[in-house]
Amino acid sequence: MLDPRVKSLNYLNNVLAKAEARRHGADDALLLNCAGLVAEAAVANVFAVRDGMLLTPPGSDGALEGVNRATALELAGELGIPAAERSLGRFDLFAADEVFLTGSGVGGFVPVRSLDGERVGGKPPGPVLLRLRSAFEAAKPRLGVPIEGSAR
């Protein structure tokens, strides 16, 4: 697999993973790296909350270090939510209080309800996701780049 930090526009692995997930009745796929650790979802970054701590896989585990991911980590800091990049296995997602995805491909901040047919986290959306989603909506005007001639 090509290092996701290389902007190659090669999304074949992601497209194939998403197609397989859909064939099995899932909305998205969880991509693991060669060591079996969570890298990302097919079209989004993965976040888990455990004991109030926001966790996401590091780029070295195959996570795309995208804009929405960076924004989620920045907003967590602004909200006083402890956050860290940490290697995550599937067990970490099952043991999490909340699991959610971020990314343009999923429409922002989206709760994860199950993994391989088994429920993950509490009743979604969880409190950390709700706080981050609200902060993201409020921050959109300062995060975006105005396009000349667009409505404000």
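As a starting point, this report considers the structure included with it. In this text the structure is predicted, and so the values were computed from the model without any measurement.

Let us now look at helix α2 (residues 67–79). Here α2 is 13 residues long and its end C-alpha atoms lie 18 Å apart, about the 18 Å a rise of 1.5 Å per residue gives. Along α2, the residues that are buried comprise N68, R69, T71, A72, L75 and A76. Along the axis of α2, the buried positions cluster into a sector of 160 degrees, meaning they face one direction only. Across α2 from its buried face, at more than 90 degrees, point the exposed residues V67 and G77. Structurally, α2 contributes buried residues whose contacts are with β3 (45–50), β4 (53–56), β5 (83–85), β6 (98–103), β7 (108–111) and α4 (127–143).

Moving on to the pairing of β7. Where β6 and β7 come together, four bridges link them in antiparallel fashion. Paired with L101 across the two strands is V110, which belongs to β7. Between the antiparallel neighbours β6 and β7 lie four residues, among them G107 with a positive phi of about 85 degrees.

Once that is clear, we can look at the environment of L73. Looking at the secondary structure, you find L73 in helix α2. Exposure remark for L73: the relative accessible area of 22% places this residue in the partly exposed category. On a C-alpha basis, the gap between L73 and F47 in space is 9.9 Å, while along the polypeptide they are 26 residues apart. Ignoring any residue separated from it by four or fewer positions in sequence, one finds L73 in contact with F47, T56 and A83.

Conventions we followed
- Residues numbered from 1 in each chain as written.
- Predicted model: local features only at pLDDT ≥ 70, side-chain atom pairs only at ≥ 80, totals over all residues.
- Heavy atoms only, no water.
- Helix = DSSP H or I, 4+ residues; strand = E, 2+ residues; numbered from the N terminus.
- Expected span 1.5 Å × (residues − 1).
- Buried < 20%, exposed > 50% of the residue type's maximum accessible area, 1.4 Å probe, protein only.
- Arc of directions from axis to C-beta.
- Contact = heavy atoms within 4.5 Å.
- Pairing = 2+ DSSP bridges.

All we've got here are geometric facts, nothing functional implied.
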